[in-house]
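Notes for the structure review
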Amino acid sequence: GGFSVQVGAFGSEATARKLVNELQAAGFPAYISPLARSGKTLHRVRVGPAADRAEADKLASRLKARGLPVSVVAGG
């Protein structure tokens with residue numbers, strides 16, 4: 001439930017894992033949300049979950065300040 005902030009999507013799980021590790025080291029609850037599409041897997045890097053949209057927006061602002069592209073998404 002709630003919201004998460006997507007900060008990237010990669011064809012390579014290793015690339016996604018590297019970003020997750022960097023974010024976790026900085027104290028963010030980051031994780032990979034895989035999406036299978038057309039026989040390929042997209043490894044989406046997300047941070048969260050946040051309880052509500054306002055909390056997700058605050059999280060997005062903190063991530064954006066780190067130079068990451070952000071997109072608030074519903075669910076985990």
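The coordinates are above.
Heads up: these notes are all about the structure in this document. (Residues numbered from 1 in each chain as written. Predicted model: local features only at pLDDT ≥ 70, side-chain atom pairs only at ≥ 80, totals over all residues. Heavy atoms only, no water.)

A few words now on the pattern of salt bridges. Using the criterion set out here, one finds 2 salt bridges in the structure. In this structure, arginine 53 engages aspartate 57 in a salt bridge whose closest nitrogen and oxygen atoms are separated by 3.1 Å. In this pair, arginine 53 and aspartate 57 both sit in helix 2 (residues 53-65), 4 residues apart, roughly one turn of the helix. Exposure remark for arginine 53: the relative accessible area of 43% places this residue in the partly exposed category. For aspartate 57, a relative accessible area of 34% puts it in the partly exposed group. (Salt bridge = Lys/Arg side-chain N within 4 Å of Asp/Glu carboxyl O. Helix = DSSP H or I, 4+ residues; strand = E, 2+ residues; numbered from the N terminus. Buried < 20%, exposed > 50% of the residue type's maximum accessible area, 1.4 Å probe, protein only.)

Strands sit in the order 2-3-1-4 across an open sheet of 4 strands; the sheet is antiparallel. Edge positions in the sheet fall to strand 2 (30-37) and strand 4 (71-74), since each of these pairs with one other strand and no more. Averaged over all neighbouring strand pairs, the angle between strand axes comes to 40 degrees, with direction disregarded. Pairing of strand 1 (residues 3-10) with strand 3 (residues 40-50), which is carried by 6 bridges, proceeds in the antiparallel orientation. Among the inter-strand pairings, valine 5 is bridged to a residue of strand 3, identified as valine 47. Along the sheet, helix 2 contacts strand 1, strand 3 and strand 4; its crossing angle with strand 1, the most-contacted strand, is approximately 40 degrees. (Pairing = 2+ DSSP bridges. Axes fitted to C-alpha atoms, helices over the stretch in contact; angles between N-to-C directions. Contact = heavy atoms within 4.5 Å.)

Below, the discussion takes up unusual backbone geometry. For the peptide bond that leads from glycine 48 to proline 49, omega is 5 degrees, which places it in the cis range. If you trace the backbone, proline 49 turns up in strand 3. You will see that serine 38, though not glycine, has its phi angle at about 55 degrees, which is positive. Relative to the helices and strands, serine 38 is located in the loop between strand 2 and strand 3. By relative accessible area, which is 75% here, serine 38 ends up exposed.

Before going further, it helps to spend a moment on the nonpolar core. Formed by 18 residues in total, the largest nonpolar core has its most connected members in Val5, Val7, Leu23, Val45, Val47 and Leu63. Elements with a contribution of two residues or more to this core: strand 1, helix 1 (13-25), strand 2, strand 3 and helix 2. Dropping the residues within four chain positions of it, valine 45 is found in contact with Val5, Gln6, Val7, Gly8, Phe10, Ala16, Leu19, Val20, Leu23 and Tyr31. (Core = buried A, V, L, I, M, F, W, Y, C linked by side-chain atoms within 4.5 Å.)

A few words on the environment of arginine 17. Among the secondary structure elements, arginine 17 is positioned in helix 1. With 37 residues separating them in the primary sequence, arginine 17 and alanine 54 have C-alpha atoms 27 Å apart.

Keep in mind that these numbers describe shape and distance, not what the molecule does.
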